[in-house]
Amino acid sequence: MSFLAQFDVILLDLNGTFMFGHDRFGPAEDYYATYRACGGTRLDRAAVMTMMARCLDALLRVYEDPAHVDDFPTLPEAFATFARAPADELASLCATFAAHELGAVPSAHVAVLQAVSRSHRLGVVSNICGDPTRWRAHFAAVGLGSIFTTTVFSSEGRSIKPSLRLFRQAAAAFPDARRMLFVGDSWERDIVPAKQLGWGTVWISELGIGDADRVIPSVVALPTVAT
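Residues numbered from 1 in each chain as written. Predicted model: local features only at pLDDT ≥ 70, side-chain atom pairs only at ≥ 80, totals over all residues. Heavy atoms only, no water.

*Asks:* In this structure, what is going on with the packing of aromatic side chains? I would like to understand it.
*Replies:* Ring pairs (aromatic) are described by centroid distance and by the angle formed between their planes. Taken as a whole, this structure holds 12 aromatic pairs when the rule is applied. When the ring of Tyr63 is compared with that of Phe72, the centres are 6.1 Å apart and the planes differ by 80 degrees; the resulting orientation is edge-to-face. Residue Tyr63 is classed as partly exposed on the basis of its relative accessible area of 23%. Residue Phe72 is classed as buried on the basis of its relative accessible area of 7%. Each ring, one from Phe139 and one from Phe148, has its centre 5.3 Å from the other, and the planes form 55 degrees; the classification is tilted. (Phe/Tyr/Trp six-rings, centres within 6.5 Å; stacked < 30°, edge-to-face > 60°. Buried < 20%, exposed > 50% of the residue type's maximum accessible area, 1.4 Å probe, protein only.)

*Asks:* Please clarify how the side chain of Asp190 should be interpreted in this entry.
*Replies:* Assignment of secondary structure puts Asp190 in helix α8 (residues 187–196). One polar contact links Asp190 to Lys161, side chain to side chain, over a distance of 2.6 Å. Ignoring anything within four residues of it in the chain, the contact list for Asp190 reads Asp13, Lys161, Phe167, Phe182, Gly184 and Asp185. (Helix = DSSP H or I, 4+ residues; strand = E, 2+ residues; numbered from the N terminus. Polar contact = N/O pair within 3.5 Å; in protein donor to acceptor, adjacent residues only side chain to side chain. Contact = heavy atoms within 4.5 Å.)

*Asks:* Would you explain the layout of surface pockets in this entry?
*Replies:* It is the rolling of a water-molecule-sized probe over the atoms that shows where space remains empty. Estimated volume of the largest pocket: approximately 490 Å³. Taken together, 25 residues line the largest pocket, and the ones lying closest to its centre are Asn15, Asp23, Tyr63, Glu101 and Asn127. Counting only elements with at least two residues in the lining of the largest pocket, the list comes to α2 (45–63), α4 (90–101) and α8. Take the lining of the largest pocket: its biggest share by element is 4 residues, from α2. Residue composition of the lining of the largest pocket, grouped by class: 10 nonpolar, 7 polar and 8 charged. Size it by volume and the second largest pocket reaches roughly 190 Å³. If you trace the second largest pocket, you find 16 residues lining it, with Leu75, Cys129, Gly130, Asp131 and Ser155 closest to the centre. Every element with two or more residues in the lining of the second largest pocket is listed here: α3 (75–82) and α4. If one sorts the elements of the lining of the second largest pocket by residue count, α4 sits on top with 3 residues. Across the lining of the second largest pocket, the residue classes break down as 9 nonpolar, 5 polar and 2 charged. (1 Å grid on protein atoms, 1.4 Å probe; cavity = no way out; pocket = protein on both sides within 12 Å on 5 of 7 lines; lining within 4 Å. Points joined across faces, edges and corners; volume = space filled by probe spheres on them. Nonpolar A, V, L, I, M, F, W, Y, C, P; charged D, E, K, R; others polar.)

*Asks:* What exactly am I supposed to notice about unusual backbone geometry here?
*Replies:* Peptide bonds are mostly trans, and most non-glycine residues show a negative phi. The step from Lys161 to Pro162 runs through a cis peptide bond, and the omega angle for that step is 20 degrees. You can see Pro162 is positioned in the loop between β3 (148–153) and α7 (164–171). The backbone of Asp23 sits at a positive phi, close to 55 degrees, despite the residue not being glycine. Mapped onto the fold, Asp23 is located in the loop between β1 (9–12) and α1 (31–37). Of the residues examined, Asp23 reaches a relative accessible area of 38% and is grouped as partly exposed. Phi at Arg84 is positive, roughly 55 degrees, even though this residue is not glycine. Secondary-structure assignment places Arg84 in the loop between α3 and α4. Look at Arg84 and you get exposed, because its relative accessible area is 70%.

*Asks:* Looking at this structure, I do not really get α4. What am I missing?
*Replies:* Because the α-helix completes a turn every 3.6 residues, residues three or four places apart line up on one side. For α4, with 12 residues, the first-to-last C-alpha span of 16 Å sits near the 16 Å given by 1.5 Å per residue. Among the 12 residues that make up α4, 11 are buried, leaving the element largely enclosed by the rest of the structure. For α4, the set of buried residues is Leu90, Ser92, Leu93, Cys94, Ala95, Thr96, Phe97, Ala98, Ala99, His100 and Glu101. On its buried face, α4 sits against α1, α2, α3 and α6 (133–142). (Expected span 1.5 Å × (residues − 1).)

None of this, on its own, says anything about what the molecule does.
Printed below as a string of structure tokens:
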């Protein structure tokens, strides 16, 4: 029996697992051009660049604070609190942030997930800050729109991985599942919480070693994981 055949459901992390080119942030990024493309008109370049930098820096600090895994600020809250953004500009600034946060799923990864979906039910559990609408639209555009039974994004609530709330929310979409497998590239935010729930684990890591059930260099190798 293959390794995957032991499981009814496969849940996957997103960024660094099967989506790449995400989180395009930094001083070299032209946030102002994105802001204008997202419909923003009121703020000048200096204001947009400053607000984006302040919001990002604050979110990164909170993200690394274990005290906030179940009390993570929403993106509008972050812009209002940390960047002092005007209320009528929050929508454009959040859209700007999301446009830089969103990555893309390579065609090889699309093909593998489509193949695995023919034998397993699939779901996504991901930490993002932006409105998930962009992510779900990208899934649909590349041919993944119908293969996920559930997509749990942290930005739809106040919890972030490694909080078990997100994992349990995803599992609730499969009430009859006997055995769950989680696939992700973060040891702390993916593998550790999945193991706490007694799930099978596959760690995406170039190291080739680790205390997950299996360690593979890419999701592309998932269908051939040895027993």
